[in-house]
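Geometric and topological summary
This is what each chain is made of:
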Amino acid sequence: MPNTKELQNRIGSIRDTMKITNAMYMISSMKLRKARTKLENTEPYFLGLQAEISNILLHMPDFSDRYFDNTEDDEDSGRERRKGYIIVVGDKGMAGAYNHNVIKEALLHIEPDDHLYVVGEVGRHELREAGFDVDTDFLYSANNPTMHRARVIAENIVEQYKNKQLDEVHLIYTHMVNSMKSEVRMERLLPLKTHTFLKDELIEKAMREQGGKTRSQIEQEAEDWYLIYPDPRKVLEHLVYNYVTGYIYGVLVEGSASEENARMMAMQAATDNAREMLGELSIQYNRARQAAITQEITEVIAGAKALKKKKKKSR
């Protein structure tokens, strides 16, 4: 059994560590609340963009555009489709399995020839170590996401998509389901999925508003009266750009919130383990201290007895 001095040193060290983990838990808690507030504040704007794009597609069902999967030249025959992946990971560790889970999901989908745009230093390091070519100009932090950062990323990605450098763009990030559960998701960003906007509820709503007319009647009449100035394609391109920016911003905030939530849980677990270890070490310390006291008492009694015997012999 360790002596009391060693136990005291271990107890002091664990208490110091527990202060650090508890402080990190509080910091992550504040960052998580901040990220959730950001997401809630931008959600109405994001949903409004979805509604406007839905209205255009609903009233112009035969409309074809390069940003959507209904375009005629969506499939280029004779060559491999060039894919890009925006992968949102953390800048540092101590967040449980957060970084590992994202990288594990990415490795299931990415190929050596794919274009990798990694947000977060941990992801860039891990994927380079795995032998993948990561875009060296795409150096964005996962910490404290901003709309400006999302806009810059969107400009970069949309420009490459427009210039046919990319045929598909996918997002790999962590979605926080609730405070206890997160899941890694892979979603296609470009081209946009038409059916995502043309939901049955929207069509049924338009049919009710038009007096119970059929779907074909609604679509035919919509082509006659639904006017867009200056041009549907220009309006839609502007909306799509803002939609992509909002989508990327939402993913960055989701990733940041998930990372802080994972770090909170990891720090809470570390703090709980430290408390448990302190309890066990306190018991060991008390036992060692009691043993030392008992030993001292035994030595005093033995010394007293020896001294008493010596005095008797001297008489």
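Look up a bit, the structure's there.
So, here's what we can say about the structure. (Residues numbered from 1 in each chain as written. Predicted model: local features only at pLDDT ≥ 70, side-chain atom pairs only at ≥ 80, totals over all residues. Heavy atoms only, no water.)

**Some words on the overall build of the chain**
For the record, the criterion: Counting from the N terminus, the helices are the DSSP runs of H or I reaching at least four residues and the strands are the DSSP runs of E reaching at least two. When a residue's accessible area, from a 1.4 Å probe over protein chains only, is under 20% of the maximum for its type it is buried; when over 50% it is exposed; and in between it is partly exposed. Every residue pair with non-hydrogen atoms within 4.5 Å of one another is taken to be in contact. Each accessible area value is a Shrake-Rupley result obtained with a 1.4 Å probe; residue values ignore everything except the protein chains displayed when judging cover.
Within the chain, the regular secondary structure consists of eight helices and four strands. Ordered by position in the sequence, the α and β elements of the chain form the string α-β-α-β-α-α-β-β-α-α-α-α. Each of the 315 residues in the chain was classed as buried or not, and the buried ones make up 39%. A sequence separation of at least 24 residues applies to 73% of the contacts in the chain between residues at least 6 apart. Carbon and sulfur atoms provide 51% of the accessible area of the chain, an area that totals close to 18600 Å².

**Examining the packing of aromatic side chains**
Quick note on the threshold: Two rings from Phe, Tyr or Trp (for Trp, the six-membered ring) form a pair when their centres are within 6.5 Å of each other. A pair whose planes differ by under 30 degrees is stacked, one over 60 is edge-to-face, and the rest are tilted.
Counted by the stated rule, this structure contains three aromatic pairs. Centre to centre, the rings of Phe 138 and Tyr 140 are 4.7 Å apart; their planes meet at 75°, and the pair counts as edge-to-face. Tyr 140 carries the same exposure label as Phe 138, and that label is buried. Seen in terms of ring centroids, Tyr 243 and Tyr 247 are 5.8 Å apart; in terms of plane orientation they differ by 65°. Their pairing is edge-to-face. On the criterion of helical spacing, the pair formed by Tyr 243 and Tyr 247 is a turn pair, its members being four residues apart in helix α8 (residues 232–314). Each member of the pair, Tyr 243 as well as Tyr 247, carries the same accessibility label: buried.

**Points about the nonpolar core**
Rule in force here: Among buried residues, those of type Ala, Val, Leu, Ile, Met, Phe, Trp, Tyr and Cys that are joined through side-chain atoms within 4.5 Å constitute a nonpolar core.
Membership of the largest hydrophobic core comes to 41 residues, with the highest contact counts inside it found for Ile 86, Val 119, Ile 153, Leu 189, Leu 190, Val 244 and Ile 248. Of all the secondary structure elements, the ones that give two or more residues to this core are α1 (4–59), β1 (83–88), β2 (115–119), α4 (147–162), β3 (168–178), β4 (181–190) and α8. At 13 residues, α8 tops the list of elements feeding residues into this core. Once residues lying within four places of it in the same chain are set aside, the contact partners of Leu 189 are Ile 86, Val 169, His 170, Leu 171, Val 244, Tyr 247 and Ile 248. Counting 13 residues, the second largest nonpolar core, distinct from the first, contains Val 102, Ile 110, Val 118 and Leu 127.

**Looking at the sheet that holds β1**
Convention followed: DSSP-based pairing: two strands are paired if at least 2 bridges between them are found. Fitted lines through C-alpha atoms serve as axes, helices being fitted only where they are in contact, and the angles separating the N-to-C directions of these axes extend from 0 to 180 degrees.
Spatial ordering of the open sheet is given by β2-β1-β3-β4, a layout of four strands whose pairing is mixed. Every interior strand has two partners, whereas the edge strands, β2 and β4, have only one. Ignoring which end each strand starts from, the neighbouring axes of this sheet average 20° apart. Two strands pair when backbone bridges link them, and β1 and β2 are joined in this way by five bridges, in the parallel orientation. Its bridge partner lying in β2, Gly 84 is registered against His 115.

**Quick notes on the pairing of β1**
Which entries qualify depends on this criterion: When the strands point away from the viewer, a crossover counts as right-handed if the path from the first strand over the helix to the second runs clockwise.
Within β1, five of the six residues are buried, which leaves it mostly tucked inside the rest of the structure. For the crossover from β1 across helix α2 (residues 98–109) to β2, the handedness is right-handed.

**Let's talk about the pattern of salt bridges**
Where charged atoms from two side chains of opposite charge come close, those side chains can pair. What counts, and what does not: Between Lys or Arg on one side and Asp or Glu on the other, a salt bridge is scored when a side-chain nitrogen of the former is within 4 Å of a carboxyl oxygen of the latter.
In the structure shown here, the tally under the stated rule is eight salt bridges. Close ionic contact of Arg 185 with Glu 183 constitutes a salt bridge, the shortest N to O distance being 3.1 Å. The partner of Glu 260 in a salt bridge is Arg 263, and the shortest N-O contact between them spans 3.6 Å. Taken together, the positions of Glu 260 and Arg 263, both in helix α8 and three residues apart, correspond to about one turn of that helix.

**A few points about the side chain of Ser 28**
Stated formally: Whenever a nitrogen or oxygen atom comes within 3.5 Å of another N or O atom, the pair is scored as a polar contact, on the condition that within protein one atom can donate a hydrogen and the other can accept it, and that pairs from neighbouring residues in sequence are kept only if both atoms are in side chains.
Mapped onto the secondary structure, Ser 28 falls in helix α1. A relative accessible area of 2% places Ser 28 in the buried class. A polar atom in the side chain of Ser 28 sits 3.0 Å from the side chain of Glu 260. For Ser 28, the residues in contact, after removing those within four places along its chain, are Glu 260, Arg 263 and Met 264.

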